[in-house]
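Listed below, chain by chain, are the residues.
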Amino acid sequence: MIQQNAVAFVALFFALAGTSYAVAGVASTDSAAPTVFACVTPTGAMKLAMANGECAKGQAEVALRAKGKKRVKRGKAGATGATGPIGAAGLKGTTGATGATGATGATGSTGATGATGATGVTNFSTGSKAMTLSAPGFTSIFSVKLVGRETAGGLVNYTIVATDGGSQIATEHGTIQWNATANSITCTVQTDDKLHLGTVNSGCTPGFFNPGSQPGLSVFDNVTFSSPAPITEHQVFFTLENDSTHPVRLEP
């Protein structure tokens, strides 16, 4: 029964394969139909075997005649064909996941210092100036930049100090009110708000100062000592209050 199944299988095999299959025969020059060898398992499965080959343990070897079929030799491998054309580009893949954040880079060098901005309007200014070493003494304090119908006003609190280089000192504290337009200015010392030690007799003088012919004011005095002596130190210390948004210039 196993041999009959093997014969039927070989017949079907040759029918499908035609003459393109090289069967194992006893010799390539035999004129008779070649003999085909196969190994058959106890369950009837069959596997073709090389001539003089050995079957696995438990398998039976059968010799079959392939009538009317020829044994052919396997051909040599042909030359490699020409490279085919490049295929069309594939579809764009999906965007990959965002990568991890990289390490922070080193801090760059400090840039150059920018230009100094314009001086803003200062509502309070303080300073000190030397007055002339004479009687009367004199010095300019400030001016204000006004144009058209602009106005400005405020106060100057001041303290004058004069000495003879020895033990004699004359000093006075006072308050000046001032008010100005582009082409006029007036000022007054509040006499009921003065305090003095020694004789100073201070006051204010309005005027116009260049560049720009700006309205402003000066402080003067007329110092005398108890014992006549020349003035060797003469200064005024002041705080200027500008009750406007217009810029004030402290005079040299």
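Because the structure is predicted, anything quoted here is derived from the model rather than measured.

Participant: So, the side chain of Thr-163: which residues are in play, and what are the values?
Facilitator: By the element assignment, Thr-163 lies in strand β6 (residues 151-163). Apart from the residues lying within four places of it in its own chain, the contact partners of Thr-163 are Gln-168, Ile-169, Phe-225, Pro-230, Ile-231, Thr-232 and Glu-233.

Participant: With reference to specific residues and values, describe the side chain of His-246.
Facilitator: With respect to the helices and strands, His-246 occurs in the loop between β12 (233-242) and β13 (248-250). Relative accessible area serves as the criterion here: at 15%, His-246 is assigned to the buried category. Separated by 3.5 Å, the side chain of His-246 and the backbone oxygen of Thr-151 make a polar contact.

Participant: Kindly report on unusual backbone geometry, identifying the contributing residues and their values.
Facilitator: At the junction of Ala-135 and Pro-136, the peptide bond is cis and its omega measures out at 5 degrees in the coordinates. Mapped onto the elements of the fold, Pro-136 is located in the loop between β4 (124-130) and β5 (137-144). Cis geometry is adopted by the peptide bond preceding Pro-211, which originates at Asn-210 and carries an omega value of 5 degrees. Even without a glycine there, the phi angle at Asn-201 is positive, about 60 degrees. Residue placement: Asn-201 occurs in the loop between β9 (195-197) and β10 (203-209). Its identity as a non-glycine residue notwithstanding, Ser-213 has a phi of 50 degrees, on the positive side. Summarising the element assignment, Ser-213 is placed in the loop between β10 and β11 (214-221).

Calculation rules
- Residues numbered from 1 in each chain as written.
- Predicted model: local features only at pLDDT ≥ 70, side-chain atom pairs only at ≥ 80, totals over all residues.
- Heavy atoms only, no water.
- Helix = DSSP H or I, 4+ residues; strand = E, 2+ residues; numbered from the N terminus.
- Contact = heavy atoms within 4.5 Å.
- Buried < 20%, exposed > 50% of the residue type's maximum accessible area, 1.4 Å probe, protein only.
- Polar contact = N/O pair within 3.5 Å; in protein donor to acceptor, adjacent residues only side chain to side chain.

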